[in-house]
Amino acid sequence: MFTLELSFLSIFIDDQANLQSPKKFGDDIAKATGDWKGLKVTCKLTIQNRQAKIDVVPSAASLIIKELKRGQEWYVMPQLCEAWTRAVALSLTRVKHNGNITFDALLKIARIMTPRSMAHKLEGTVLEILRIAQSIGCTVDDIHPHDLVGKIKGGELKIPVE
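Just so it is clear, the model here is predicted, and its values are computed rather than measured. (Residues numbered from 1 in each chain as written. Predicted model: local features only at pLDDT ≥ 70, side-chain atom pairs only at ≥ 80, totals over all residues. Heavy atoms only, no water.)

## What about the overall build of the chain?
Turning to step 1, where the next piece is worked out: Secondary structure assignment for the chain yields seven helices and four strands.
Turning to step 2, where the next piece is worked out: Put simply, the chain has 162 residues, and 30% of those count as buried.
Turning to step 3, where the next piece is worked out: The long-range share in the chain, meaning contacts at least 24 apart out of those at least 6 apart in sequence, stands at 54%.
Turning to step 4, where the next piece is worked out: On the chain, roughly 10,500 Å² of surface is accessible, and the fraction owed to carbon and sulfur atoms is 55%. (Helix = DSSP H or I, 4+ residues; strand = E, 2+ residues; numbered from the N terminus. Buried < 20%, exposed > 50% of the residue type's maximum accessible area, 1.4 Å probe, protein only. Contact = heavy atoms within 4.5 Å. Areas by Shrake-Rupley, 256 points an atom, 1.4 Å probe, with all protein chains shown as cover.)

## What to know about the pairing of strand β2 (residues 51-57)
Turning to step 1, where the next piece is worked out: Where strand β1 (residues 42-48) meets β2, seven bridges bridge the pair, whose relative direction is antiparallel. The residue of β2 that forms the bridge with Thr42 is Val57.
Turning to step 2, where the next piece is worked out: Taken together, β1 and the strand that follows it, β2, pair antiparallel across an intervening segment of two residues, in which Asn49 is found at a positive phi of about 55 degrees. (Pairing = 2+ DSSP bridges.)

## A closer look at the nonpolar core
Turning to step 1, where the next piece is worked out: Core analysis: the largest hydrophobic core is formed by 28 residues, its most contacted members being Ile64, Leu106, Val126, Ile129, Leu130, Val140 and Ile159.
Turning to step 2, where the next piece is worked out: Breaking this core down by element, the ones donating at least two residues are α3 (60-67), α5 (103-113), α6 (122-136) and α7 (145-154).
Turning to step 3, where the next piece is worked out: Once residues within four sequence positions are removed from consideration, Leu106 is found in contact with Ile101, Val126, Ile129, Leu130 and Val140. (Core = buried A, V, L, I, M, F, W, Y, C linked by side-chain atoms within 4.5 Å.)

## Some words on the confidence of the model for the chain
Turning to step 1, where the next piece is worked out: For the chain, per-residue confidence averages 77 on the pLDDT scale, and residues scoring 70 or more make up 70% of the total.
Turning to step 2, where the next piece is worked out: Between the elements of the chain, mean pLDDT differs from a low of 48, seen in helix α1 (residues 2-15), to a high of 93, seen in α5.
Turning to step 3, where the next piece is worked out: Every residue in residues 73-78 is under pLDDT 50, and counting partners more than four places away or in other chains gives eleven contacts. (pLDDT = per-residue confidence, 0-100.)

## Some points on the environment of Asp55
Turning to step 1, where the next piece is worked out: Position of Asp55 among the secondary structure elements: in strand β2.
Turning to step 2, where the next piece is worked out: As a C-alpha pair, Asp55 and Ala32 span 23 residues in sequence and 6.9 Å in three-dimensional space.

## Comments concerning the packing of α5 against α6
Turning to step 1, where the next piece is worked out: Between α5 and α6, whose axes approach to 9 Å, the crossing angle comes to 115 degrees. Here α6 runs roughly perpendicular to α5, going by the angle between their axes. Both α5 and α6 take part in a crossing whose hand is right-handed. Note on element contacts: α6 touches α5 through Leu122, Thr125, Val126, Ile129 and Leu130, opposite Leu106, Leu107, Ile109, Ala110, Arg111 and Met113.
Turning to step 2, where the next piece is worked out: When grouped by side-chain class, the residues that make up the contact of α5 with α6 number nine nonpolar, one polar and one charged. (Axes fitted to C-alpha atoms, helices over the stretch in contact; angles between N-to-C directions. Parallel < 35°, antiparallel > 145°, perpendicular 65-115°, else oblique. Left-handed = near helix turned anticlockwise from the far one by under 90°. Nonpolar A, V, L, I, M, F, W, Y, C, P; charged D, E, K, R; others polar.)

## Considerations on the packing of aromatic side chains
Turning to step 1, where the next piece is worked out: Counted according to the given criterion, the structure contains zero aromatic pairs.
Turning to step 2, where the next piece is worked out: The ring centre of Trp36 lies 4.0 Å from the NZ or CZ of Lys66, which sits over that ring. (Phe/Tyr/Trp six-rings, centres within 6.5 Å; stacked < 30°, edge-to-face > 60°. Lys NZ or Arg CZ within 6 Å of the ring centre and 35° of its normal.)

## Concerning the packing of α3 against α5
Turning to step 1, where the next piece is worked out: One way to put it is that α3 packs onto α5 with a least axis distance of 10 Å and a crossing angle of 150 degrees. Put simply, α3 runs roughly antiparallel to α5. Crossing handedness for the pair α3 and α5: right-handed. Touching Ala60, Leu63, Ile64 and Glu67 of α3 are Ala105, Lys108, Ile109, Ile112 and Met113, all from α5.
Turning to step 2, where the next piece is worked out: Among the residues forming the contact of α3 with α5, the class breakdown is seven nonpolar, no polar and two charged.

Take a look at the structure:
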């Protein structure tokens, strides 16, 4: 992944006028994404006055997996493994994260994702995050996320406004 970014950046740098070197971009990306090793995150590249600023924009799934503390345990660098094959790569990307997170952690993730959500209220964002947790395969306070969606829609579980 890192080598692909560097090759892409060298093409990007050639098209732009006198910006930083591709190696500097790669180092900046590596420094910005250090906490997210093994997880797929989007990097926002902002160029102002010929200086690049890299911001990490994690998805809800990345935030949930990070909360499960499961990002690095299955991550293998392709350059370090001699018998690296496509089958190994596919098996690593299809890992089910069947852990458990707390409802407070889910609310924290929902508050982070609120500006990027299409929901008008925090309740709608929580429902989105619960559906993502269901697709990842984790539970929330040892309850299946689909059951929590039913409780929220039925009015049994109240979501705080802020």
